[in-house]
Amino acid sequence: MTLKLDKVNRGPHLSTLVASSISREIAQGRLKPGDQLPTEQALATTFGVSRNVVREAIARLRSEGRIWSQQGRGAFVVESNNPTVLTIDYEALQRADSFRNLFELRGILEVQAAAFAAKRRTEADLTAMGAALAGMRAAPYGSVAWLRSDLEFHRAVAEATRNGYMGQFLGFVSERVRESILAAGNQQKSDDMARITLGEHERILTAIRAGDVEGAQAAMRDHLAGAALRVGLHDGETAAEAAPVPEAASPVRHSRLRKAVRGQAAR
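Note that the coordinates shown come from a computational prediction; the quantities given were computed from them, not determined experimentally. (Residues numbered from 1 in each chain as written. Predicted model: local features only at pLDDT ≥ 70, side-chain atom pairs only at ≥ 80, totals over all residues. Heavy atoms only, no water.)

**Student:** Just checking my understanding: could you explain the packing of aromatic side chains for this structure?
**Tutor:** One pair of aromatic rings is described through two measures. These are the centre distance and the angle between the planes. Counted under the stated rule, the structure contains 2 aromatic pairs. Relative to Phe76, the ring of Trp68 has its centre 4.7 Å away and its plane inclined at 15°; by these criteria the two rings are stacked. You can call Trp68 partly exposed: its relative accessible area is 33%. Owing to a relative accessible area of 8%, Phe76 belongs among the buried residues under this scheme. (Phe/Tyr/Trp six-rings, centres within 6.5 Å; stacked < 30°, edge-to-face > 60°. Buried < 20%, exposed > 50% of the residue type's maximum accessible area, 1.4 Å probe, protein only.)

**Student:** Mind showing me how you'd approach the packing of helix H2 (residues 40-47) against helix H3 (residues 51-63) here?
**Tutor:** For any two helices packed against each other, one specifies the inter-axial angle together with the distance between the axes. Following both chains from N to C, one finds H2 and H3 inclined at 110°, their axes separated by 9 Å at the closest point. Here H2 is positioned roughly perpendicular relative to H3, judged by the angle of their axes. Contacts between H2 and H3 involve Glu40, Gln41, Leu43 and Ala44 from the former and Arg51, Val54, Arg55 and Ile58 from the latter. When its residues are assigned to classes, the contact of H2 with H3 shows 4 nonpolar, 1 polar and 3 charged. (Axes fitted to C-alpha atoms, helices over the stretch in contact; angles between N-to-C directions. Helix = DSSP H or I, 4+ residues; strand = E, 2+ residues; numbered from the N terminus. Parallel < 35°, antiparallel > 145°, perpendicular 65-115°, else oblique. Contact = heavy atoms within 4.5 Å. Nonpolar A, V, L, I, M, F, W, Y, C, P; charged D, E, K, R; others polar.)

**Student:** Whenever I open this one, the environment of Ile26 confuses me. Can you help?
**Tutor:** Inspection of the secondary structure assignment puts Ile26 in helix H1 (residues 14-27). Considered as a pair, Ile26 and Val77 are 51 residues apart in the sequence and their alpha carbons are 7.7 Å apart. Apart from residues lying up to four places away in sequence, Ile26 is in contact with Leu31, Arg66, Ile67 and Val77.

**Student:** I tried to follow unusual backbone geometry on my own but got confused; where do I start?
**Tutor:** Trans peptide bonds make up most of the peptide bonds, and negative phi angles are found at most residues other than glycine. In this model, Arg162 sits at a positive phi of 60°, which is unusual for a non-glycine residue. Relative to the helices and strands, Arg162 is located in the loop between helix H6 (144-160) and helix H7 (164-184). A relative accessible area of 42% means that Arg162 is categorised as partly exposed.

**Student:** Would you take a moment to explain the layout of surface pockets for this structure?
**Tutor:** Computed from the structure, the largest pocket encloses a volume of approximately 270 Å³. Taken together, 19 residues form the lining of the largest pocket, with Glu40, Ile58, Ser69, Gly74 and Ala75 sitting closest to its centre. Secondary structure elements with two or more residues in the lining of the largest pocket: H2, H3, strand S1 (67-70) and strand S2 (74-77). Top contributing element to the lining of the largest pocket by residue count: H3, with 6 residues. (1 Å grid on protein atoms, 1.4 Å probe; cavity = no way out; pocket = protein on both sides within 12 Å on 5 of 7 lines; lining within 4 Å. Points joined across faces, edges and corners; volume = space filled by probe spheres on them.)

**Student:** I tried to follow the pattern of salt bridges on my own but got confused; where do I start?
**Tutor:** Pairing between side chains becomes possible if they bear opposite charge and their charged atoms approach one another. If you walk through the whole model with that rule in mind, you get 10 salt bridges. A salt bridge links Arg55 to Glu40; its shortest N-O distance comes to 3.1 Å. Residue Arg55 is found in helix H3, and its partner Glu40 is found in helix H2; the two are separated by 15 residues along the sequence. In this structure Arg55 comes out as partly exposed when scored by relative accessible area, which is 39%. Relative accessible area serves as the criterion here: at 26%, Glu40 is assigned to the partly exposed category. Arg230 is the salt-bridge partner of Glu200, the closest N and O atoms lying 2.7 Å from each other. With Glu200 in helix H8 (residues 191-210) and Arg230 in helix H9 (residues 213-230), this pair connects stretches of sequence that are 30 residues apart. As far as burial versus exposure is concerned, Glu200 and Arg230 are alike and both buried. In this structure, a network of salt bridges that share partners links the residues Glu40, Arg51 and Arg55. (Salt bridge = Lys/Arg side-chain N within 4 Å of Asp/Glu carboxyl O.)

Quick look at the structure:
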């Protein structure tokens, strides 16, 4: 078997890059069902990474249903050509259309999740959301720590839906979005952006705490429209169209949001 594996560029998600490279070998038939992967040490040398990074990549591929492994024997490509686990290829998300589609899916899920959370949240859920917001306030805007806390906030909203499947889907999609943002490094970073983004999350939490279903949907819709702008998607339309709400219900008019994101003074 001849594999086309190269060293990966340094970055915050080396294990993702390694997993993506191995997935490509499987998709293109150079690694066939039943084939054994090279050893951890061999893969680490080939990719120019540590064995821990390789282990993380293998664990991810195993969770995605692409490989199986057995202690003492190694890792093998699964025999089935139809994995039962949802996967989203990392490299595909480097294309603008794929990233836009993923963001659109996120919008559909998150706006409805906010509505369910407003009806079903517990005090523990509200505490978790508040703790995530505190983490965002304490971290530099756009940093790994900030994005981790941001993800925790949205996970807490998903948990508050009391729908385990929604939580699984949202966690998976949001993590892919976060990885792509970190890899691209295209998020605008400024004190104004931090203030605007925190305000969006605070309005979501306020509406959920109040049990305001329409308000929670509107606040989430506005947040996703702003997030789309900040990562370079066209005018936030992808997320904003996910779940339309009456204009009067929106706490932030999109014209003002666009001006704020583009560096003009927010009113």
